[in-house]
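Overview (structure and organization)
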Amino acid sequence: MKTVMTIEHRGAIAVVTIDNPPVNALSNAVRGALVEAVETLDADDAVKAVVIACAGRTFIAGADVREFNLPPQEPLLPDVVAAIEDAKKPWVAAIHGSALGGGFEVALGCRFRIADAKASVGLPEVTLGLIPGASGTVRTPRLAGVETAVKLAVSGRPMKAKAALEAGLVDAIADGDLVEEAVVFAEQAVEKPLPPKTRERPVTALAEDFWAAAEKDAAKPGYRAPLEVLASIRFAVENPFDAAMEHERKIFLELRASKEAAALRHVFFAERAAARPESLKGIEPLAISAVGVIGGGTMGAGIAVAALNAGFSVTLIERDEEAVARGIRTIDGILAGSVKRGKLTEAGRVELMASLGGTTEYRALGDCDLVIEAVFEEISVKRAVFEKLGQVCRADAVLATNTSYLDPRLIAEGLANPERFIGLHFFSPAHVMKLLEIVPVPQTSGAVLATAFALAKTLGKMPVRAGICEGFIGNRILKRYRAAAEELVEQGVAIADIDAAMRGYGFKMGPFEAQDLGGLDIAFLQREGARATGEAVPETLGDILVRAGRKGQKTGGGWYDYEPGNRKPIVSEQVTDLLRDRIDGDTSLTAEEIAERLVGAMADEGRAILAEGIAEKPADIDLVEIHGYGFPRHKGGPMFASEG
Ligand code: NAI
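From a predicted model like this one, the values you see are computed outputs, not experimental measurements.

Quick look at the overall build of the protein chain
Each helix and strand counted, the protein chain has 26 helices and 19 strands in total. Taken along its principal axes, the extent of the C-alpha atoms in the protein chain is 90 × 60 × 45 Å. Relative to its full complement of 644 residues, the protein chain shows a buried share of 52%. Side-chain charges of the protein chain comprise 72 positive and 90 negative groups, with the mean position of each set lying 2 Å from the other.

Regarding the UniProt feature "domain: 3-hydroxyacyl-CoA dehydrogenase NAD binding" (unreviewed entry) in the protein chain
Per the UniProt record, the feature "domain: 3-hydroxyacyl-CoA dehydrogenase NAD binding" (unreviewed entry) sits at residues 291-466. Annotated as 42% helix and 21% strand, the span residues 291-466 places its first and last C-alpha atoms 23 Å apart.

Brief notes about helix 15 (residues 379-392)
When the terminal C-alpha atoms of helix 15 are compared, their 20 Å separation across 14 residues agrees well with the 20 Å that a helix rising 1.5 Å per residue should span. Here helix 15 has its buried residues at Lys-382, Val-385, Phe-386 and Leu-389. Angular distribution of buried residues about the axis of helix 15 spans 95°; they occupy a single face of the element. Across helix 15 from its buried face, at more than 90 degrees, point the exposed residues Glu-387 and Gln-391. On the buried face of helix 15, the contacting elements are strand 10 (290-294), strand 13 (370-373), strand 14 (398-401), helix 16 (408-412) and strand 15 (421-426).

Comments concerning a positive patch on the surface
On the surface, a cluster of positive charge is contributed by Arg-57, Arg-272, Arg-276 and Lys-457. Considering the arrangement of structural elements, one finds Lys-457 in helix 17 (residues 446-459).

Some remarks on the site of the ligand
In the neighbourhood of the ligand, 23 residues make up the surrounding shell, with Met-299, Glu-318, Glu-377, Lys-382 and Ser-404 lying closest. Contacts to the ligand include Gly-297, whose backbone N or O atom sits 3.5 Å from an oxygen atom. When the free accessible area of the ligand is taken as 830 Å², the share hidden by the protein chains comes to 79%. At the level of secondary structure, the elements contributing two or more residues to the shell around the ligand comprise helix 12 (298-309), helix 15 and strand 15. Ranked by residues supplied to the shell around the ligand, first place goes to helix 15 with three residues. Taken together, the residues of the shell around the ligand break down into ten nonpolar, nine polar and four charged.

A few points about the packing of helix 24 (residues 591-611) against helix 25 (residues 618-629)
At a minimum axis separation of 10 Å, helix 24 and helix 25 run at an interaxial angle of 130°. Comparing the axis directions of helix 24 and helix 25 gives the class oblique. Crossing of helix 24 over helix 25 shows right-handed handedness. Contacts from Met-602, Gly-606, Ile-609 and Leu-610 of helix 24 reach helix 25 at Pro-618, Ile-621 and Glu-625. Among the residues forming the contact of helix 24 with helix 25, the class breakdown is five nonpolar, one polar and one charged.

Looking at helix 5 (residues 146-155)
Most of helix 5 sits inside the fold, with seven of its ten residues counted as buried. Of all the positions in helix 5, only Val-146, Thr-148, Ala-149, Val-150, Leu-152, Ala-153 and Val-154 are classed as buried. Gly-156, located one to two residues past helix 5, shows a positive phi value of around 80°.

Notes on the packing of helix 9 (residues 225-238) against helix 10 (residues 241-256)
At their nearest, the axes of helix 9 and helix 10 sit 9 Å apart, and the two run at 165° to each other. If you check the angle between helix 9 and helix 10, you find them roughly antiparallel. Along this stretch, helix 9 crosses helix 10, giving a crossing that reads as right-handed. Listed contacts from helix 10 to Ala-225, Glu-228, Ala-231, Ser-232, Phe-235 and Ala-236 of helix 9 are Ala-243, Ala-244, His-247, Glu-248, Ile-251 and Leu-255. Of the residues that constitute the contact of helix 9 with helix 10, the class distribution is eight nonpolar, two polar and two charged.

Notes on the packing of aromatic side chains
For the structure on display, the rule yields ten aromatic pairs. Geometrically, the ring pair formed by Phe-112 and Phe-185 is edge-to-face, given 5.1 Å between the ring centres and 70° between the ring planes. Here Phe-185 lies in helix 7 (residues 178-189) and Phe-112 lies in strand 6 (residues 112-116), a separation of 73 residues in the sequence. Using a relative accessible area of 22% as the deciding quantity, one classes Phe-185 as partly exposed. A centroid spacing of 6.0 Å and a plane angle of 20° characterise the contact between Tyr-481 and Phe-507, whose relative ring orientation is stacked. Residue Tyr-481 is located in helix 18 (residues 474-490), and its partner Phe-507 is located in the loop between helix 19 (495-505) and helix 20 (511-518); the two are separated by 26 residues in the primary sequence. By relative accessible area, which is 6% here, Phe-507 ends up buried. Linked through ring pairs, Tyr-481, Tyr-505, Phe-507 and Phe-631 together constitute an aromatic cluster. Against the face of Tyr-223 rests Lys-220, its NZ or CZ located 4.3 Å from the ring centre. The cationic tip of Lys-635 hangs over the ring face of Tyr-505; the distance from NZ or CZ to the ring centre is 4.3 Å.

A word on the UniProt feature "domain: 3-hydroxyacyl-CoA dehydrogenase C-terminal" (unreviewed entry) in the protein chain
Sites flagged by UniProt as "domain: 3-hydroxyacyl-CoA dehydrogenase C-terminal" (unreviewed entry) map to residues 471-562. Overall, residues 471-562 shows 60% helix and 2% strand. The separation of its end C-alpha atoms is 30 Å.

Here we look at the nonpolar core
Judged by nonpolar contacts, the single largest core of 75 residues is most densely connected at Leu-365, Leu-389, Ile-473, Ile-498, Trp-559 and Leu-598. Ranked by residue count, the leading element in this core is helix 24, at eight residues. In terms of domain composition, this core takes at least three residues from each of domain 2 (279-465) and domain 3 (474-613). Once you skip the residues sitting within four places of it in the chain, Ile-473 turns out to touch Glu-437, Val-464, Arg-465, Ala-466, Ile-609, Ile-614, Ala-615, Ile-621 and Val-624. The next biggest cluster of nonpolar side chains, apart from the first, holds 68 residues, and it includes Val-150, Val-154, Val-237 and Leu-255.

Some remarks on the pairing of strand 4 (residues 91-95)
Of all five residues that make up strand 4, five are buried, and the element is covered over most of its length. Here strand 4 shows two buried faces, one formed by Trp-91, Ala-93 and Ile-95 and the other by Val-92 and Ala-94. Bridge count between strand 3 (residues 49-54) and strand 4: three bridges; the pairing is parallel. Bridging across to strand 4, Val-50 finds its partner in Trp-91. Viewed along the sheet, the connection from strand 3 through helix 2 (residues 77-85) into strand 4 turns out right-handed. Looking at chain direction, strand 4 and strand 6 are connected through four bridges and run parallel. Its bridge partner being in strand 6, Ala-94 is matched across the sheet by Ile-114.

Re the environment of Gly-311
You can see Gly-311 is positioned in the loop between helix 12 and strand 11 (313-317). For Gly-311, a relative accessible area of 63% gives the class exposed. Along the chain, Gly-311 and Leu-459 lie 148 residues apart, while their C-alpha atoms are 9.0 Å from each other.

Here's the deal with the sheet that holds strand 8 (residues 159-160)
What the three strands build is an open sheet, ordered 5-7-8; its pairing is mixed. Two strands lie at the open edges of the sheet, namely strand 5 (98-100) and strand 8, each paired on one side alone. Of the strand pairs in this sheet, strand 7 (residues 120-122) and strand 8 are connected by two bridges, and their pairing is antiparallel. From the neighbouring strand, Val-121 faces strand 8, where its bridge partner is Met-159.

Parameters and conventions
Residues numbered from 1 in each chain as written. Predicted model: local features only at pLDDT ≥ 70, side-chain atom pairs only at ≥ 80, totals over all residues. Heavy atoms only, no water. Helix = DSSP H or I, 4+ residues; strand = E, 2+ residues; numbered from the N terminus. Buried < 20%, exposed > 50% of the residue type's maximum accessible area, 1.4 Å probe, protein only. Lys, Arg positive; Asp, Glu negative; His and termini not counted. Charge placed at Lys NZ, Arg CZ, Asp CG, Glu CD. UniProt positions renumbered as here; feature names shortened; annotations may be inferred. Expected span 1.5 Å × (residues − 1). Arc of directions from axis to C-beta. Contact = heavy atoms within 4.5 Å. Patch = residues over 30% accessible without salt bridge, like charges linked within 9 Å, V, L, I, M, F, W, Y side chains within 5 Å. Areas by Shrake-Rupley, 256 points an atom, 1.4 Å probe, with all protein chains shown as cover. Salt bridge = Lys/Arg side-chain N within 4 Å of Asp/Glu carboxyl O. Near = heavy atom within 4 Å. Polar contact = N/O pair within 3.5 Å; in protein donor to acceptor, adjacent residues only side chain to side chain. Nonpolar A, V, L, I, M, F, W, Y, C, P; charged D, E, K, R; others polar. Axes fitted to C-alpha atoms, helices over the stretch in contact; angles between N-to-C directions. Parallel < 35°, antiparallel > 145°, perpendicular 65-115°, else oblique. Left-handed = near helix turned anticlockwise from the far one by under 90°. Phe/Tyr/Trp six-rings, centres within 6.5 Å; stacked < 30°, edge-to-face > 60°. Lys NZ or Arg CZ within 6 Å of the ring centre and 35° of its normal. Core = buried A, V, L, I, M, F, W, Y, C linked by side-chain atoms within 4.5 Å. Domains from an automatic or database assignment. Pairing = 2+ DSSP bridges. Right-handed = clockwise from strand over helix to strand, strands pointing away.

Below you can see the structure in the form of structure tokens.
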């Protein structure tokens, strides 16, 4: 077995170094080695104190994900942490990178914590549907108070070293060599009386109003873990240490076996796998720094913002000067919104705007490494754009289309060096939505495909590879989802009941409310376009509404009525009248049955998509739905959810 730990002696201080790449996760071997180290060093009279540090890029970043789906194995982490805390010699955690979850709990068992200035600490268990399982909710409030414990464990967001020092989670920040400073710190610490062990520190219980307010903040519909974290912290500060540990462990094990946690684990693994596709291993992506965007409308402006935020320079091309100015105004408006929300400084906005150029001249794209087209959804318009790009761009510049429905192979037809062409399907608003469908054409080179995945990472997007079909993965499933929802209406289920059921399932909006917000006309025009080419596209309920002028909120009504200036949907008598002839029956379904039907329809389409090779794996479909269509993360996506 490979060694996961070394012990070195520097005078009276032993330095225990965990070396378990890539992130020093707390595997069974590491836990075992830690318990052994405590025993060995306790027995060594020459050792006065112990520094625990990690090799590689980080301190212990958490539990070992490979053990996530297995039953817990001994030694259990709470026992490891207790062994460190009860050691005869004081342990000092020397934290660099991140001390997360179980890693931070190990640090909590130490008598002192020293962090590198760039380090962070956190309890992210909640993001996996769990509560900390090895004293995170019990020792943190004893070390740094209830408020800090709540902040750390309920949000799951890590805290940077400086904030952690101020909060009392760490004792010192090292400016120089972390381990050396930790050794000096340990040498000095043993000369003085030691502070109490974390478990022995007093904790002040807080009043009822604090908990009421915290519960309100923590509550997230459909998620159990955030409230359990809170409840566990409360139990921990109102009860003795041992009872609190038992309570935390019980809830941790219960949640570990929950559907919510299984779904969140599934998404966690899916995201990791999607970001680094096996098939692209060893293929070097092309370097990107200058990006061109064609079209400064809804999508182009959002894509430009995403690119600017990622540090690229952007050249925006529009049809005429007025459209250039409009596009630049839209981009500036989005950035100004970020300033307003405190996400960007005013100086930052000015700097980003200085990296943006706008023109009608395609010649300006000569230096671009990547050009993304987001012009009207018209094959002739798009082809004309790529013809020009073929003339002005470097032969190795990556050329991408953001088309939603057109066949990228047809767009690329006639393009010289088609190996540089690819579909990059962003979602609206493109600077916000995480999903990026990556759609290669048969000629697309491996390097260009690898570049698309690397680009997604730089832009902070979730890449999913999709094959070519109408609507790729996401919009194809959306179409099926909407059709299934309309089918329920035809069977007599009330529109408002369907929306409420899907909200209850975890979507922010039901299918009809969402259409009213986005507008019914886009899908309608698309169907009309298909009808114009002679395709037999059946009349949908949505078509009936659009023909009656009901295009959604923007026309004062779609599936619902709206009062001017109010987005609250009101059940519409006119809609009932318009659809009367198409409604046959008065089916009554529970919210669960409605959700099951609609999620089932999505999964059915997903299975067809897999069978055709449009998606590579079921988990990719789940990611598309979660990151592009608001599918609730804690349900794991339609494919996971329909597996039962
Ligand atoms: P839009 O109508 O808001 O913007 C298109 C822009 O392209 C306009 O500003 C127009 O002036 C400009 N344009 C047209 N022809 C041009 C040319 N030859 N050269 C330079 N600029 C030109 O449309 P939107 O919504 O931004 O859509 C753009 C593309 O993105 C379409 O292919 C669409 O299917 C796709 N898409 C749209 C999504 C959406 O939610 N709106 C989502 C994902 C993809």
